[in-house]
Amino acid sequence: MVSRTREKLIEVARQLFAYKGVENTTMSDIATASDKGRRTIYTYFKSKREIYEATIESDSDRMVEQLRSVVDKADTAPGKLERFMRHRLDLFDMPTPRPRGVSFDALLNLDFNRIDKVRRMAITKEKELLKEILDKGVADGSFDAGQTRRFMPVLQFLLQGVDLSIAHNNFEHIDINPDTYKNEVIDFIINSLVTHKTTEK
């Protein structure tokens, strides 16, 4: 019961932050929208900052859970990596669960900082999952150990570059086809790591 109330407050706050922006959302707004009194809210959260941080943590956990569920559908390390990369490249289109009728552009304009923090926290958590995949690949001989050691920091730069290109829609300026870049990036990464050129799709 306690956790359900807390989760409801987080979900209501998330939607208000999306509609109004963090700065324009008050604790009273959250109380009204959640049908809870201010006293109930302060039982779980000392301030708007605290509930703000809780929405970030919740959204980042959800992103990583989705990613793990996709990865777990593959048996081989190359297959897991392919699914990891494909889902990760799709995440910019769904940075946080958002209410029906709220466009991504509206979310971006209202709450870019929160979305950025969610993504940064998710990236930190994703590293653990990615390390599991890479360790599995090295252990079973699928991935080259030397290339794999170089992969993690390179991937972080690559993903940030992809995110920025999507955010600014500057694919034409850097001569990349937005319709095919995902396949090209994934194929390049997997081919740079595998020692046996058979990958699971």
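See the structure shown above.
Throughout this document, residue positions are counted from 1 along each chain, in the order its sequence is written. Only residues with pLDDT of at least 70 get local features here, since the model is predicted, and only at 80 or more are side-chain atom pairs given and counted; chain-wide, interface and lining totals rely on the full set of residues. With hydrogens and water set aside, each side-chain value is computed from the structure's full complement of heavy atoms.

> Any chance you could explain the layout of surface pockets here in plain terms?
Vacant regions in the atomic arrangement are exposed by a probe of water-molecule size rolled over the atoms. Grid points spaced at 1 Å over the protein atoms alone were grouped into cavities, where a 1.4 Å probe fits but cannot get out, and pockets, open sets with protein on both sides within 12 Å along at least five of seven lines, with lining residues defined by an atom within 4 Å of a point. Grid points are joined across faces, edges and corners, and a volume is the space filled by probe spheres set on the points. Of the volumes computed, that of the second largest pocket is approximately 170 Å³. Lining the second largest pocket are Gln147, Arg150, Phe151, Val154, Leu158, Phe188, Ile189, Ser192 and Leu193. When residues of the lining of the second largest pocket are traced back to their parent elements, those giving at least two are α7 (145–168) and α8 (181–193). Only DSSP runs of H or I covering at least 4 residues are called helices, and only runs of E covering at least 2 are called strands; the numbering of each starts at the N terminus. If you tally residues by element for the lining of the second largest pocket, the top one is α7, at five residues. Each residue is assigned to one of three groups, with Ala, Val, Leu, Ile, Met, Phe, Trp, Tyr, Cys and Pro labelled nonpolar, Asp, Glu, Lys and Arg labelled charged, and all others, Gly among them, labelled polar. Among the residues forming the lining of the second largest pocket, the class breakdown is six nonpolar, two polar and one charged.

> What exactly am I supposed to notice about the pattern of salt bridges here?
When the charged atoms of two side chains with opposite charge come close together, those side chains can pair. Here, a salt bridge means any Lys or Arg side-chain nitrogen found within 4 Å of an Asp or Glu carboxyl oxygen. Taken as a whole and judged by the stated rule, the model has 10 salt bridges. Between glutamate 132 and arginine 68 there is a salt bridge, with the nearest N and O atoms lying 3.2 Å from each other. You can see glutamate 132 sitting in helix α6 (residues 104–139) and its partner arginine 68 sitting in helix α4 (residues 48–71), a full 64 residues away along the chain. Given the relative accessible area of 42%, glutamate 132 is considered partly exposed. With a closest N to O distance of 2.9 Å, arginine 86 and glutamate 82 form a salt bridge. Linking arginine 86 with glutamate 82, this pair stays in helix α5 (residues 77–90), spanning four residues, or about one helical turn. The exposure class assigned to arginine 86 is partly exposed, which follows from its relative accessible area of 28%. Through salt bridges that share partners, Glu11, Arg14 and Asp59 make up one connected network. Note on exposure labels: buried denotes an accessible area under 20% of the residue type's maximum, exposed denotes more than 50%, and partly exposed covers the range between, all computed with a 1.4 Å probe on protein chains only.

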